[in-house]
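Secondary and tertiary structure notes
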Amino acid sequence: MPTYLLLAFDLASPAMLGWLAAAAVPILIHLWSRRRYREVPWAAMQYLLEALRKNRRRIRLEQWLLLALRAILIGLIVLAVAEPFFGGGVLTFSAGQRTHRLLVLDGSYSMAYTPTDQTRFDRAKQLAAQIVEESPQGDGFTLVLMSDPPRVVIGNPVFAPRDFLQELDNLRLPHASADLPKTLTEIEQVLTNVRKEHPRLTRQEVYFLTDLCRVGWIPEGGSAAAMAELHQQSKRLAEAASLVVIDVGQPSAENLAVTALSTSEPFATPARNVQIQAQLHNFGRQARNRQPVELLVDGRRVAQQTVDVPTDGEASTAFSYRFDTPGDHTLEVRAEGDALDIDNHRWLAITVKQNIPVLCINGHPSGVPFTGATDYLYYALSPRADSTQPALVRPEVAPESALLEADLSRYDCIFLADVAQFTASEARVLDAYLKRGGSLVFFLGPHVLADRYNQELGGGPGGVALLPTTLGAIVQQPQFRLDPLQYRHPIVQAFRGRERAGLLKTPVQKYFRLNVPKDSTTEVALALGNGDPLIVEAPVHRGRVILVATSADNSWTYMPVWPSYVPIVQELLAYALAGQRRQQNVEVGQALGGTLTAPAGDVSLTIRDPEGRREPVRVQAEGSASVWSYLDTATSGIYTAQLGPPISRTETFAVNVNTVESDLAYLGPDGLRDELWPGIPHVHQSQWDTSEQTLGTTTARGDRLAKTLLYAVLALLFVEILYSWRLGYHSA
């Protein structure tokens, strides 16, 4: 039966073995000193030689021992510098393994959960630092933040722990979710680059430091196709590197989140109270009775209520507030009291105006009341203009020439009724208006030339693409029923449960057939009984375009004299203006931006983030306008854009978290093994464990062996000194 050596000896720096030749120096000196001399007989020496002859064997043994001790000293020093380590198998002398350790920190905001005196993210950073500090000298380290989108913090391996730890200390937790598939793609790319550019890093290890929440680890929707693709990605990764999951999560974590904040209307004026609604969700297994909820306006608390939130359920609360002054204001709803503070707040940026200016372009003026294209529209936009209460909406009627003559930036929305056609200049003006964040509502009619619309506004050669759909032929089949499409769209949601308002029985004699393209952003808000779209809409640039296939007057439909006409026009305006609020209120990771009328070179712009940091932003020219964009919205809260002269104003933005990450449901090691990575080799642990079994290899710590050798050198030096002194003393 063959006998095997149980431990194999390997080296991390085999090139240093060349210095082992220095161990032969004492032997060479000894051999050199043995060269023969000419002998001269001397009577007194004969006596001494006889005495030495008796002790020769003892002296020779002592000298050989001293010689071996000095050679071993040199050999141990060389081996320590060569960084040896042990591995399983037979005795080998191949080049040693240097390891590339890729650390993946979970950057989802659930990592801000604070079960003890530190957050999960701080705990993960602490463990990452421990891995780096306790790894052998010569290993390389990279760092990836698992977020949405993921970010490669250190892509090229660093070998000095101090450099890695500095980047780690500066890393901030974004208030975003995690995207595991995209993160795995980034990891694969980093591993490929490291193998190509650093061939001496022969071993790859990937460490996931995470709370293992289901959200982020399981693809949204969890479809079979998505899970299969994720499994293939993970399998490829496991073939390229050893996978270690260091779990900092907890199986049962309670959490309450403010999931929504809105107002009953998309605009506010100092003349009336604003109704504010907040939605709360309890993601835990304990009911939250009499949960305090606060309303803050511009950072000042103005109201507080209590609400009961059931287990794994929702509750809503409402506030009423009247703003004293026009301008940009912020609302905040706060519900504190749990270990995850990030989603206990929600903000809303709102612009308060004295009134809402709306421009109505009349494509068919008439001197007879209620025969022009915008006559009914005007009164539907401001139905209370004759009451004692100030008008909220201030409509103005103008001819088509106003598109080129008027300052369109003064209007929040433009209604265009039965305009026959548009010139190329007018199309460009409307396109620029949308880029500045304005909204357009088109009503068609008998004077509309469909070909000219498609050419100038529908993306034809030389035209602009701002219509949600192209116009087809005129349909002259009267329809006496409308289809609200299950009231899915916000424009018609107000009519749910109010069938007696007459919307569904509105007669339409003529309309343009709208050719809605597939796989586009265009949505159908309201359809006719035969399925043809009646109202469609789509976002365009920074604004929104709504297209109504029939007329705003009674030339093609009796809608203007129907009870539902005023409500539907009001809903069209509200939805158009809501798009402007959506520009002020975004989610974490989405860009802030705006369009300015001043030349780009004349405006200075500074962004102040929720943590008080200020950053200058470059304003760029885009056609006749100036635009700016700010992408670093990784933290939720209020951002302010300070515009310098000649504009000199401040704009306010609210950035909120996507509350899907507020669900702290725990995937755990069993779910990781059976549901996400079945058959994929990996190690799960709750702390950094350097044992050989944990890392999936029998490689021991090279730096510890090197230190052991150096301690042995010190001990042997002490022995060599004592032994040399003893030999010299006896010789004397």
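Values in this document were obtained by computation on a predicted structure and should not be read as measured data.

1. Quick notes on the overall build of the chain
Secondary structure assignment for the chain yields 16 helices and 33 strands. Taken across its 732 residues, the chain has 49% of its residues classed as buried. If you take every contact in the chain between residues at least 6 apart in sequence, the share linking residues at least 24 apart comes to 73%. Put simply, the chain shows about 36000 Å² of open surface, and 53% of that area lies on carbon and sulfur atoms.

2. Comments concerning the nonpolar core
Phe415, Leu416, Leu440, Phe442, Tyr453, Leu466 and Ile535 are the most contacted members of the largest nonpolar core, which has 76 residues in total. No other element matches the 8 residues that helix H13 (residues 565-584) contributes to this core. Excluding residues within four positions of it along the chain, isoleucine 535 makes contact with Ile491, Glu523, Val524, Ala525, Leu526, Ile546, Leu547, Val548, Ile568 and Leu572. Counting residues in each nonpolar core, the second largest holds 54 residues, with Tyr113, Leu143, Leu340 and Val619 among its members.

3. Structural notes on the sheet that holds strand S18 (residues 439-443)
Read across the sheet, 8 strands follow the order S16-S15-S17-S18-S24-S23-S22-S20 without closing on themselves; strand pairing throughout is mixed. Every other strand in the sheet has two partners, leaving strand S16 (393-398) and strand S20 (482-483) as the edge strands with one partner each. Sitting on the sheet, helix H10 (residues 424-435) is in contact with strand S17 (413-417), S18, strand S23 (533-540) and strand S24 (543-548), with an inclination near 135° to S18. Against the sheet, H13 makes contact with strand S15 (356-362), S16, S17, S18, S23 and S24, and its axis sits at roughly 160° relative to S24, the strand it touches most.

4. Considering unusual backbone geometry
One can expect most non-glycine residues to show negative phi and most peptide bonds to be in trans. Looking along the chain, the bond that leaves aspartate 148 and enters proline 149 is cis, with omega of 5°. Inspection of the secondary structure assignment puts proline 149 in the loop between strand S4 (140-146) and strand S5 (151-158). In this structure, aspartate 418 is a non-glycine residue whose phi angle is positive, near 55°. Owing to a relative accessible area of 3%, aspartate 418 belongs among the buried residues under this scheme.

5. Observations concerning H13
Between its terminal C-alpha atoms H13 stretches 30 Å, which fits the 28 Å expected from 20 residues at 1.5 Å a residue. Where burial is concerned, most of H13 is hidden: 15 out of the 20 residues are buried.

6. Thoughts on the sheet that holds strand S12 (residues 314-321)
What the 3 strands build is an open sheet, ordered S8-S9-S12; its pairing is antiparallel. The open sheet has two edge strands with one neighbour each: strand S8 (256-263) and S12. Each adjacent strand pair in this sheet contributes to an overall mean axis angle of 20°, direction not counted. Sheet analysis places S8 next to strand S9 (residues 274-282), joined by 7 bridges and oriented antiparallel. Within the sheet, the bridge partner assigned to alanine 257 lies in S9 and is histidine 281.

7. Focus on the packing of helix H5 (residues 180-197) against helix H7 (residues 224-240)
The interhelical angle for the contact between H5 and H7, taken along N-to-C directions, is 25°, at an axis separation of 10 Å. Taken together, the axes of H5 and H7 lie roughly parallel to each other. Considering how the two elements wind past one another, H5 and H7 form a crossing that is left-handed. Side by side, H5 and H7 meet where Leu180, Pro181, Leu184, Thr185, Ile187, Glu188, Leu191 and Arg195 of the first sit next to Leu230, Gln233, Ser234, Arg236, Leu237 and Ala240 of the second. Residue classes in the contact of H5 with H7 are distributed as 8 nonpolar, 3 polar and 3 charged.

8. As for the pairing of strand S27 (residues 605-608)
Across the two faces of S27 the burial differs, with Leu605 and Ile607 buried and Thr606 and Arg608 not buried at all. Where S27 and strand S28 (residues 614-617) come together, 4 bridges link them in antiparallel fashion. By the bridge assignment, isoleucine 607 is partnered in S28 with glutamate 615. The antiparallel pairing of S27 with S28 creates a hairpin that spans 5 residues between the two strands, and glycine 612 there sits at a positive phi of about 90°.

9. Describing a nonpolar patch on the surface
Together, Tyr711, Leu714 and Leu717 make up an exposed nonpolar region whose accessible area comes to about 340 Å². By the element assignment, leucine 717 lies in helix H16 (residues 702-731). Judged by relative accessible area, which is 36%, leucine 717 ranks as partly exposed.

10. What about the confidence of the model for the chain?
Confidence in the prediction of the chain, expressed as mean pLDDT, is 86, and 83% of residues score 70 or more. Ignoring residues within four places in sequence, the model shows residues 1-12, a span with pLDDT below 50, making 45 contacts including any to other chains. pLDDT under 50 marks residues 692-701. Its contacts with residues more than four places away, or in other chains, come to 25 contacts.

11. Quick word on the packing of aromatic side chains
For the coordinates displayed, the defined rule picks out 14 aromatic pairs. Relative to tyrosine 453, the ring of phenylalanine 442 lies with its centre 6.3 Å away and its plane at 70°, an arrangement referred to as edge-to-face. One end of the pair, phenylalanine 442, is in strand S18; the other, tyrosine 453, is in helix H11 (residues 450-456), and 11 residues separate them in sequence. The same class applies to phenylalanine 442 and to tyrosine 453, which are both buried. Among the aromatic residues, those joined into a cluster by ring pairs are Phe370, Tyr376, Tyr378 and Tyr379. We note arginine 582 situated over the ring of tyrosine 575; from NZ or CZ to the ring centre the distance is 5.2 Å.

The rules behind the values
Residues numbered from 1 in each chain as written. Predicted model: local features only at pLDDT ≥ 70, side-chain atom pairs only at ≥ 80, totals over all residues. Heavy atoms only, no water. Helix = DSSP H or I, 4+ residues; strand = E, 2+ residues; numbered from the N terminus. Buried < 20%, exposed > 50% of the residue type's maximum accessible area, 1.4 Å probe, protein only. Contact = heavy atoms within 4.5 Å. Areas by Shrake-Rupley, 256 points an atom, 1.4 Å probe, with all protein chains shown as cover. Core = buried A, V, L, I, M, F, W, Y, C linked by side-chain atoms within 4.5 Å. Pairing = 2+ DSSP bridges. Axes fitted to C-alpha atoms, helices over the stretch in contact; angles between N-to-C directions. Expected span 1.5 Å × (residues − 1). Parallel < 35°, antiparallel > 145°, perpendicular 65-115°, else oblique. Left-handed = near helix turned anticlockwise from the far one by under 90°. Nonpolar A, V, L, I, M, F, W, Y, C, P; charged D, E, K, R; others polar. Patch = residues over 30% accessible without salt bridge, like charges linked within 9 Å, V, L, I, M, F, W, Y side chains within 5 Å. Salt bridge = Lys/Arg side-chain N within 4 Å of Asp/Glu carboxyl O. pLDDT = per-residue confidence, 0-100. Phe/Tyr/Trp six-rings, centres within 6.5 Å; stacked < 30°, edge-to-face > 60°. Lys NZ or Arg CZ within 6 Å of the ring centre and 35° of its normal.

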